[in-house]
Amino acid sequence: MIKNERLDKFHNAADCFAYEFFGCHKLPDGKYIFRVWAPHAKTVSLIGSFNGWNENSAVMTRLSDNESFETVADASAGDIYKFLIKSFDGRKIEKADPFAFYSDLPHSFASKIVDLPEKSEYVSEKQEDDKPINIYEVNLLSWKRHKDNSYLSFEELEKTLVPYVKSMNYTHVEFMPLTEFPFDGSWGYQVTGYFSITSRLGTPKQFRNLVDAFHRNGIKVIFDWVPAHFPKDEWGLYEFDGQPLYECPVWDRMEHRGWGTRRFDFGRSEVDNFLLSSAIYLLKTFDIDGLRVDAVASMLYLDYDKPCGDFTPNIFGDNRNLEAIEFIKKLNVEVKKYFPNVLMIAEESTAFPGVTSPVSDGGLGFDYKWNLGWMNDVLFYCRQDPYFRNYHHEKLTFSLVYAFSEKYILPLSHDEVVHVKGSVVNKMHGDYEDKFAGERSLLGFMYAHPGKKLNFMGYEVAQFKEWDYCGAIEYELKKFEQHRKMTVFVKELNLFYAQNNALFEIDYGWDGFEWLVVDDKSSNLLAFSRYSKSGESITAVINFSGIDLLRYGIGIEKGKYRVVLTTNSKRFGGDGRLGKKIYKTVRQSNQGKENSIFIDIPKLTCIYLKKEN
């Protein structure tokens, strides 16, 4: 009866724990039971290292739903296995277990029996909106490598990456996808094992130990998760039982042509439960503090990456993928039911409304959304010659038109430092010195701008080379002065951000932000103040021009303002010129204020000012 109830729930309801039934599980007598969903299969056999890969020795029994199969085998942890599916058209197809907890990559494409970590007592603390979030995005396969270019293991990363992230004063770390994937060049975004942490770097227990080490050091862990699509590897989810199963069978919803992948059949109970279970499994088993959900825009729209007219509208005649939208809502509701403090973050690149609004209010239910518009605009601006930046001033200011419409994270992510886009420092216009100054001023603007923060590995050493997934970040560059001082700057900027409430307490409302200079495009200058709940302020003044601005007048509240950080400091690689420490207001009206300060600000420099009591 219990088995029938589990099957009924898998087929007809929200089942977030389907991984407890399907896949491979140890029985009390030491044997293992294997179950798989394959409704179009004629027969299914379990083949593995424990039965000599003999398809006749373990023909699986069809269960009461007439769609699933099971068998028991005398196997052991470390054994590898596959399902041999015979289709009704006579084909024999070898498949990895969709619910496998481990894989045999890179030796084979088989699944592997593994013992999972013991249950932990860790409970993620609630992340309030008025607390700092400063995320270090990292690809564990290419952060650092051995001299022979082999990967660092989870155990080695525990000893090296954890203290590094802590020493750099980040609050969170975000792992690019680690669910099993066959091709390194996909960066983990073409997943074949939705319950299997990649075996390239170690075991599930060793990965949990890495997460635990971050937690012991006060750093929360976010996991990049990919529910939008999957690759067409013949041994994976692709046409799993000889026909479309996990993918949508309808021609115009089946593929992401641009990515060469298959789209999940959202709205099919079994597929929804497969993905829901993957999310819950990762959060429960590894004590993950958040999921960054990849490519949400590709899920929301039927015409995503399609030429005009190459899709069938929904029942309302528009381009919304109604089934995917309902799945996303279900995902966020179910995750919050079991893990109310976990962060759900959307990588969503359009103006779809209500991404971070509660599901009960008609929204999608995410906690945060990446602000990709801000990222694209400011990086476009920074590529321009300062002489022509006045024509693009709105690229700096437009984000405040919509900054409080959602709860945003400002990302400078991996996508912006590949495919000939240039590294962050190399995007900056100008000569060698100007590029470093440009990156520092960009980061100064970013950390003062409303929204939480995310930066990809490598920017903190001002690596000129684009990110290469086949290699490592060039930390050896720190033997050169400018690169070493960039690391010092990022470390101190991270600390300054975390210690100044005005930069994060009111990220999502006008109470925390005030423009002082917004429209002086001829000077390439911005000035604005950020406020804490208690009324303390940090004023940011950024000179994006190629010339020094002397005695520049800014209307501001009466008082004395101390320079608390300048990106032109010699400690950070600047020249230290125009290094005045305190500015007092004079009674002269400016920009609607009765008082002004007259400030000297070097070219390509961001200055933070704090009003003294």
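If you're wondering where the values come from, they're calculated on a predicted model, not measured in any experiment.

Caption draft 1: Region of the structure containing the packing of helix α11 (residues 432-448) against helix α12 (residues 481-499). It is at 11 Å that the axes of α11 and α12 come closest, and there the two elements cross at 10 degrees. The orientation of α11 with respect to α12, classified from their angle, is roughly parallel. In this structure, α11 contributes Y432, E433, F436, E439, R440, L443, G444 and Y447 to the contact, and α12 contributes Q482, H483, M486, F489, V490, L493, N494 and Y497. Broken down by class, the residue content of the contact of α11 with α12 amounts to nine nonpolar, four polar and three charged.

Caption draft 2: View of the side chain of S523. Structurally, S523 is set in the loop between β22 (513-517) and β23 (525-531). We classify S523 as buried; its relative accessible area is 15%. Only 2.9 Å separates the side chain of S523 from the side chain of D520, close enough to count as a polar contact. Not counting chain neighbours up to four residues away, the residues in contact with S523 comprise N543, S545, L549 and Y552.

Caption draft 3: Region of interest: the sheet that holds strand β14 (residues 229-230). One open sheet accounts for three strands, arranged β14-β16-β15; its pairing is antiparallel. Two strands lie at the open edges of the sheet, namely β14 and β15 (255-256), each paired on one side alone. Pairing of β15 with strand β16 (residues 261-263), which is carried by two bridges, proceeds in the antiparallel orientation. Within β16, the residue paired with E255 across the bridge is R262.

Caption draft 4: Structural view of the packing of helix α4 (residues 269-286) against helix α6 (residues 322-338). At their nearest, the axes of α4 and α6 sit 10 Å apart, and the two run at 35 degrees to each other. In terms of crossing hand, the pair formed by α4 and α6 is right-handed. Together, D272, L275, L276, A279, I280 and L283 of α4 and F327, K330, L331, E334, V335 and Y338 of α6 make up the contact between the two elements. Residue composition of the contact of α4 with α6, by class: nine nonpolar, no polar and three charged.

Caption draft 5: Spotlight on the layout of surface pockets. Taken as a whole, the largest pocket encloses approximately 630 Å³ of empty space. When residues of the lining of the largest pocket are traced back to their parent elements, those giving at least two are α5 (296-300) and α7 (372-383). Tallied by class, the residues present in the lining of the largest pocket amount to eleven nonpolar, ten polar and six charged.

Caption draft 6: Representation of a nonpolar patch on the surface in the model. A cluster of nonpolar residues, Y387, F388 and Y391, forms a patch on the protein surface that exposes about 430 Å² of accessible area. Taking the relative accessible area as the measure of exposure, Y391 reaches 59% and is therefore exposed.

Caption draft 7: Expanded view of the environment of L550. When you line up the elements, L550 lands in strand β25 (residues 549-555). Judged by relative accessible area, which is 57%, L550 ranks as exposed. Separated by 19 residues in sequence, L550 and Y531 have C-alpha atoms that sit 26 Å apart.

Caption draft 8: Layout of the sheet that holds strand β5 (residues 68-73). Here four strands make up an open sheet; going across it, the order is β1-β2-β5-β4 and the pairing antiparallel. Strands with a single pairing partner mark the edges of an open sheet, and in this sheet they are β1 (23-26) and β4 (61-62). Relative to β5, β4 runs antiparallel, the two being bridged by two bridges. For T61, the partnering residue across the bridge sits in β5 and is E70.

Caption draft 9: Structural view of the side chain of S103. Turning to its location among the elements, S103 is positioned in the loop between β7 (92-95) and β8 (111-112). Its relative accessible area of 9% is what places S103 among the buried residues. A polar contact is formed between the side chain of S103 and the side chain of E180, at a distance of 2.5 Å. Discounting chain neighbours no more than four positions away, the residues touching S103 are A110, S111, K112, E180, S196 and S199.

Caption draft 10: Expanded view of the environment of E557. On the secondary structure map, E557 appears in the loop between β25 and β26 (560-566). Owing to a relative accessible area of 42%, E557 belongs among the partly exposed residues under this scheme. A C-alpha to C-alpha distance of 76 Å links E557 and V72, two positions 485 residues apart in sequence. With residues up to four places along the chain from it excluded, the contact list for E557 reads T585, K593 and K611.

Caption draft 11: Representation of the pattern of salt bridges within the structure. Per the counting criterion, the structure on display carries 47 salt bridges. Residue R292 pairs with E347 through a salt bridge whose shortest N-O separation is 3.6 Å. A residue pair is termed long-range when its members are at least 10 positions apart, and R292 in strand β17 (residues 290-293) and E347 in the loop between β18 (343-346) and β19 (368-370) qualify at 55 residues. The pair formed by R292 and E347 is uniform in burial state, with each residue classed as buried. The closest approach of N and O atoms between R587 and E594, which form a salt bridge, is 3.6 Å.

Caption draft 12: Structural view of the packing of aromatic side chains. Taken as a whole and assessed by the stated rule, the structure comprises 61 aromatic pairs. Taking the centre distance of 5.7 Å and the plane angle of 80 degrees together, the rings of F10 and W37 count as edge-to-face. Pair noted here: F10 is in helix α1 (residues 2-12) and W37 is in strand β2 (residues 32-37), with a separation of 27 residues, a long-range link. Overall, F10 belongs to the buried group, its relative accessible area being 1%. With 5.8 Å between their ring centres and 65 degrees between their planes, W510 and F513 make a pair best called edge-to-face. Here R35 stacks its cationic end above the ring of F21, 4.1 Å away from the centre of that ring. Against the face of F380 rests K395, its NZ or CZ located 5.0 Å from the ring centre.

Each value, and the rule that gives it
Residues numbered from 1 in each chain as written. Predicted model: local features only at pLDDT ≥ 70, side-chain atom pairs only at ≥ 80, totals over all residues. Heavy atoms only, no water. Axes fitted to C-alpha atoms, helices over the stretch in contact; angles between N-to-C directions. Helix = DSSP H or I, 4+ residues; strand = E, 2+ residues; numbered from the N terminus. Parallel < 35°, antiparallel > 145°, perpendicular 65-115°, else oblique. Contact = heavy atoms within 4.5 Å. Nonpolar A, V, L, I, M, F, W, Y, C, P; charged D, E, K, R; others polar. Buried < 20%, exposed > 50% of the residue type's maximum accessible area, 1.4 Å probe, protein only. Polar contact = N/O pair within 3.5 Å; in protein donor to acceptor, adjacent residues only side chain to side chain. Pairing = 2+ DSSP bridges. Left-handed = near helix turned anticlockwise from the far one by under 90°. 1 Å grid on protein atoms, 1.4 Å probe; cavity = no way out; pocket = protein on both sides within 12 Å on 5 of 7 lines; lining within 4 Å. Points joined across faces, edges and corners; volume = space filled by probe spheres on them. Patch = residues over 30% accessible without salt bridge, like charges linked within 9 Å, V, L, I, M, F, W, Y side chains within 5 Å. Areas by Shrake-Rupley, 256 points an atom, 1.4 Å probe, with all protein chains shown as cover. Salt bridge = Lys/Arg side-chain N within 4 Å of Asp/Glu carboxyl O. Phe/Tyr/Trp six-rings, centres within 6.5 Å; stacked < 30°, edge-to-face > 60°. Lys NZ or Arg CZ within 6 Å of the ring centre and 35° of its normal.

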